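The primary structure of each chain is shown beneath.
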Amino acid sequence: METEALAAAQHIDFSMWALFMRATFTVKLVMIILILASFWSWSIIIQKFINYRKAREEAASFDRAFWSGEPLDALYEQIGAEPEGQSQKIFAAGMTEWQRSHKADGALIAGAHSRIDRSMDVAIAKEAEKLNGGLQVLATVGSTTPFIGLFGTVIGIMNAFVEIAEQQNTNLAVVAPGIAEALLATGLGLLAAIPAVIFYNKLSADSEGLVAGYEAFADEFSTILSRQLDS
């Protein structure tokens, strides 16, 4: 009897596609959700790596231009009031407020330094929001998909036990497919969650590093302007 059960189990297709097709509607729905969540996570991860690399290259390029000795007014005219680069936007925000703080006779309006700092802080906050956009999706996927997969596993095992009860048979050929389908849901949940958690931590650290660089530049730029204000 045991030999017959083993022989029957050997002829069962345990490929992922076969397990998916044999699963019930609820378990299939769980698997589809997990697969879509995984694809969504990877699309964000790839896009963030591209965006962060561009941001680092732009920051390095602008840093070289800023410290090249070129007059700030000339650099501001070169990049314009609405540049595309993140560092350029922070610089432009400070320079725009700097120019607005001058009266017609060339005198400075009181409180110029604090307004310049606030303008750059607002620009940094906007860029930080863009850099962090999508990371909350990775955090959500990383924290929820294991439980979604576990839900699919519970449903799958319940269905396996129901099938056992209906057939009054507990041999391997009856038990194995249902258990395998149920465990596939757990595997898909972990497959979606693990990369999401790893890259959420990595990308969050990268984002914080970029924002810290912007803040350091803003402080240096503010110091330069304060010297001109005090002179």
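In this report, we go over the structure that sits alongside the text.

Definitions and cut-offs
- Residues numbered from 1 in each chain as written.
- Predicted model: local features only at pLDDT ≥ 70, side-chain atom pairs only at ≥ 80, totals over all residues.
- Heavy atoms only, no water.
- Salt bridge = Lys/Arg side-chain N within 4 Å of Asp/Glu carboxyl O.
- Helix = DSSP H or I, 4+ residues; strand = E, 2+ residues; numbered from the N terminus.
- Buried < 20%, exposed > 50% of the residue type's maximum accessible area, 1.4 Å probe, protein only.
- Patch = residues over 30% accessible without salt bridge, like charges linked within 9 Å, V, L, I, M, F, W, Y side chains within 5 Å.
- Areas by Shrake-Rupley, 256 points an atom, 1.4 Å probe, with all protein chains shown as cover.
- Lys, Arg positive; Asp, Glu negative; His and termini not counted.
- Charge placed at Lys NZ, Arg CZ, Asp CG, Glu CD.
- Axes fitted to C-alpha atoms, helices over the stretch in contact; angles between N-to-C directions.
- Parallel < 35°, antiparallel > 145°, perpendicular 65-115°, else oblique.
- Left-handed = near helix turned anticlockwise from the far one by under 90°.
- Contact = heavy atoms within 4.5 Å.
- Nonpolar A, V, L, I, M, F, W, Y, C, P; charged D, E, K, R; others polar.

### Re the pattern of salt bridges
So, point 1. Scanning the entire structure with this criterion turns up four salt bridges.
So, point 2. Residue R115 is joined to E97 by a salt bridge in which the shortest nitrogen-to-oxygen separation is 3.2 Å. Highlighted residues: R115 in helix 6 (residues 112–132) and E97 in helix 5 (residues 86–100), separated in sequence by 18 residues.
So, point 3. Judged by its relative accessible area of 13%, E97 is buried.
So, point 4. The closest approach of N and O atoms between K130 and E127, which form a salt bridge, is 3.8 Å. Taken together, the residues K130 and E127, both in helix 6 and three residues apart, mark about one turn of the helix.
So, point 5. Here the residues in one salt-bridge network are K89, E127 and K130, joined through shared partners.

### With respect to a nonpolar patch on the surface
So, point 1. Among the surface-exposed residues, F147, L150, V154 and M158 lie close enough to one another that they form a single nonpolar patch of about 410 Å² accessible area.
So, point 2. With respect to the helices and strands, M158 occurs in helix 7 (residues 135–167).

### Let's talk about a negative patch on the surface
So, point 1. A contiguous patch of negative charge on the surface is contributed by D63, D121, E215, D219 and E220.
So, point 2. At three residues, the largest contribution of residues to the negative patch is made by helix 8 (residues 172–230).
So, point 3. Among the structural elements, E220 can be located in helix 8.

### Some words on the packing of helix 4 (residues 72–79) against helix 5
So, point 1. Where helix 4 meets helix 5, the closest approach of the two axes is 10 Å, and the angle between their N-to-C directions is 120°. Looking at the two axes, helix 4 sits oblique to helix 5. Judged by the twist between their axes, the crossing of helix 4 over helix 5 is left-handed. Along its contact with helix 4, which presents L72, D73, L75, Y76 and I79, the element helix 5 presents Q88, F91, A92, M95, T96 and Q99.
So, point 2. Of the residues contributing to the contact of helix 4 with helix 5, the split by class is seven nonpolar, three polar and one charged.

### Here's the deal with the packing of helix 3 (residues 25–66) against helix 4
For any two helices packed against each other, one specifies the crossing angle of their axes together with the interaxial distance.
So, point 1. Contact geometry for helix 3 and helix 4: axes closest at 11 Å, N-to-C directions at 140°. Here helix 3 is positioned oblique relative to helix 4, judged by the angle of their axes. Residues F62, A65 and F66 of helix 3 touch helix 4, and the partners they reach there are L72, L75 and I79.
So, point 2. By residue class, the composition of the contact of helix 3 with helix 4 is six nonpolar, no polar and no charged.

### As for the environment of I79
So, point 1. Turning to its location among the elements, I79 is positioned in helix 4.
So, point 2. Filtering out sequence-adjacent residues up to four positions away, I79 remains in contact with F62, Q88 and F91.

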